[in-house]
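Remarks on the overall topology
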Amino acid sequence: MMIIMKTGATQEEIDNIVARVKSNKLNAHLITGEERTVIGVVGDGRPVEQGQFVRMPGVDQVTPISRPYKLASREFHPKNTIIQLNGLEIGSDQIFVIGGPCAVESRSQLLDAAVKIKEAGGHALRGGAFKPRTSPYSFQGMGEEGLKILAEARELTGLPIITEATSPDLVPMISEYTDVIQIGARNMQNYALLQAVGKSNRPALLKRGMSATINDFLMAAEYILSKGNPNVMLCERGIRTFETATRNTTDINAIPVLKSLTHLPVVLDPSHSTGHWEYVTSLARAGIAAGADGLIIEVHPNPIEALSDGAQSLKPKRFKELIEQVDAISKAIGRDLASIPTKAINSEIMQ
Ligand code: PEP
Ligand code: MN
């Protein structure tokens, strides 16, 4: 339920409510607005008597949250969540584009990609060091060495980095290196992993499971939020359908649906959605037109030599064109591309 305080309610009145919430063995999440405070009350589903709060001093109204996901719902938090990342305001009117290879393959490959992503106007660098591959015989990633290379690429370019955590025990180590933790489609319902990311201090990019409904997706986000991490972005990356012409089917509907159901930023991954580089730019444009806050795109300096997902990876030149087109679409819908970090390339690192 939501306890909406009166305008001008005192701190003491707010503290009294929080104390009563806790005495009911419930959790209180405060949203402090310019005019009034709202206290979101979340429990374990057992019935709670709302009347006890209605009668307390300073309370204006008490309303139930109808959705099964509480903290993720727009009912709970009507304004967009804005995630601060290295000067970027994710979830605001600014559109951002993350680019980079599927996987970190070597120091030279990643540093080369990082410079090209920056030169093309990308806002952040992606690259997997722990890869959740469908086949156990495929390249599984460089592990911690890959994380060190990513951190070096951040030094080189000033771009924040995003990389995937595939198990809960890796989260503390990955948090030390990365700016954003990715949770992959195959792990969307790995609840121990979601909880571990919920306890970390890094923003999360949660990808939609390939057979997950929007409700399942938001319930997965709720696991992260409920452990205290408010900075979750949702990433649509295509779902399984009967169609085989593309790797997955981009659920464009999910973008406006998510924007209406939740306050969390929404990102589209047109690379895994389509599986073919020639469709990536079209879907990127569609995603921004549909209301996505950002994009995550696979880009490789030399896609034919990529150890994973080469077929869907753009060359840097095409990535630059994609950003130019996304810029035009952003302006047409009253938004704008975020400016890129101003740090100059640190060429000493390239030696
Ligand atoms: C990836 O981003 O490289 C990836 C493995 O994506 P997904 O989890 O969406 O398949
Ligand atoms: Mn990939």
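Residues numbered from 1 in each chain as written. Chains lettered and ligands numbered in written order. Predicted model: local features only at pLDDT ≥ 70, side-chain atom pairs only at ≥ 80, totals over all residues. Heavy atoms only, no water.

Structural notes on the overall build of the chain
Scanning the chain from terminus to terminus reveals 11 helices and 15 strands. The C-alpha radius of gyration computed for the chain amounts to 21 Å, which stays within 12% of the reference 20 Å derived for 351 residues, consistent with globular compactness. Taken along its principal axes, the extent of the C-alpha atoms in the chain is 65 × 45 × 45 Å. The proportion of buried residues among the 351 residues of the chain is 54%. Considering only contacts in the chain between residues 6 or more positions apart, those separated by 24 or more positions represent 69%. Counting only carbon and sulfur atoms, one obtains 51% of the accessible surface of the chain, whose full area is about 15300 Å². (Helix = DSSP H or I, 4+ residues; strand = E, 2+ residues; numbered from the N terminus. Rg over C-alpha atoms; globule rule 2.2 N^0.38 Å. Buried < 20%, exposed > 50% of the residue type's maximum accessible area, 1.4 Å probe, protein only. Contact = heavy atoms within 4.5 Å. Areas by Shrake-Rupley, 256 points an atom, 1.4 Å probe, with all protein chains shown as cover.)

Regarding the coordination of the manganese ion (ligand 2)
Looking at the manganese ion (ligand 2), the protein donor atoms are Cys-102 (SG), His-272 (NE2), Glu-298 (OE) and Asp-309 (OD), and they sit 2.1 to 2.4 Å from it. Each donor residue of the manganese ion (ligand 2) belongs to the same chain, and together they define the spacing C-x169-H-x25-E-x10-D. Within this pair, whereas Cys-102 is found in the loop between β7 (94–100) and α3 (107–120), its partner Asp-309 is found in the loop between β14 (294–298) and α11 (316–332), the two being separated by 207 residues in sequence. (Donors = N, O, S within 2.8 Å, 3.2 Å for Na, K, Ca; no water.)

Observations regarding the nonpolar core
Leu-125, Leu-206, Leu-234, Leu-295, Ile-297, Phe-319 and Leu-322 are the most contacted members of the largest nonpolar core, which has 73 residues in total. Of the residues forming this core, the biggest block, seven residues, is contributed by helix α7 (residues 214–226). By size, the runner-up hydrophobic cluster in this structure holds 15 residues, among which are Ile-162, Val-180, Cys-235 and Ala-338. (Core = buried A, V, L, I, M, F, W, Y, C linked by side-chain atoms within 4.5 Å.)

Here's the deal with the site of ligand 1
Neighbouring residues of ligand 1: Cys-102, Arg-126, Lys-131, Gln-182, Gly-184, Ala-185, Arg-186, Lys-207, Arg-237, His-272 and Glu-298. At a separation of 2.9 Å, an oxygen atom of ligand 1 approaches a polar side-chain atom of Lys-207. Contact with the protein chains removes 97% of the 300 Å² of surface that ligand 1 exposes when unbound. Within the shell around ligand 1, the residues separate by chemical class into two nonpolar, three polar and six charged. (Near = heavy atom within 4 Å. Polar contact = N/O pair within 3.5 Å; in protein donor to acceptor, adjacent residues only side chain to side chain. Nonpolar A, V, L, I, M, F, W, Y, C, P; charged D, E, K, R; others polar.)

Description of the side chain of Arg-335
Looking at where Arg-335 falls in the secondary structure, it is placed in the loop between α11 and β15 (336–337). Given a relative accessible area of 14%, Arg-335 falls into the buried group. Polar side-chain contacts of Arg-335 include one of 2.9 Å to the backbone oxygen of Ser-92. Every residue in contact with Arg-335, bar those within four places of it in the chain, is listed here: Ser-92, Asp-93, Gln-94, Ile-95, Gly-291, Ala-292, Asp-293 and Ser-330.

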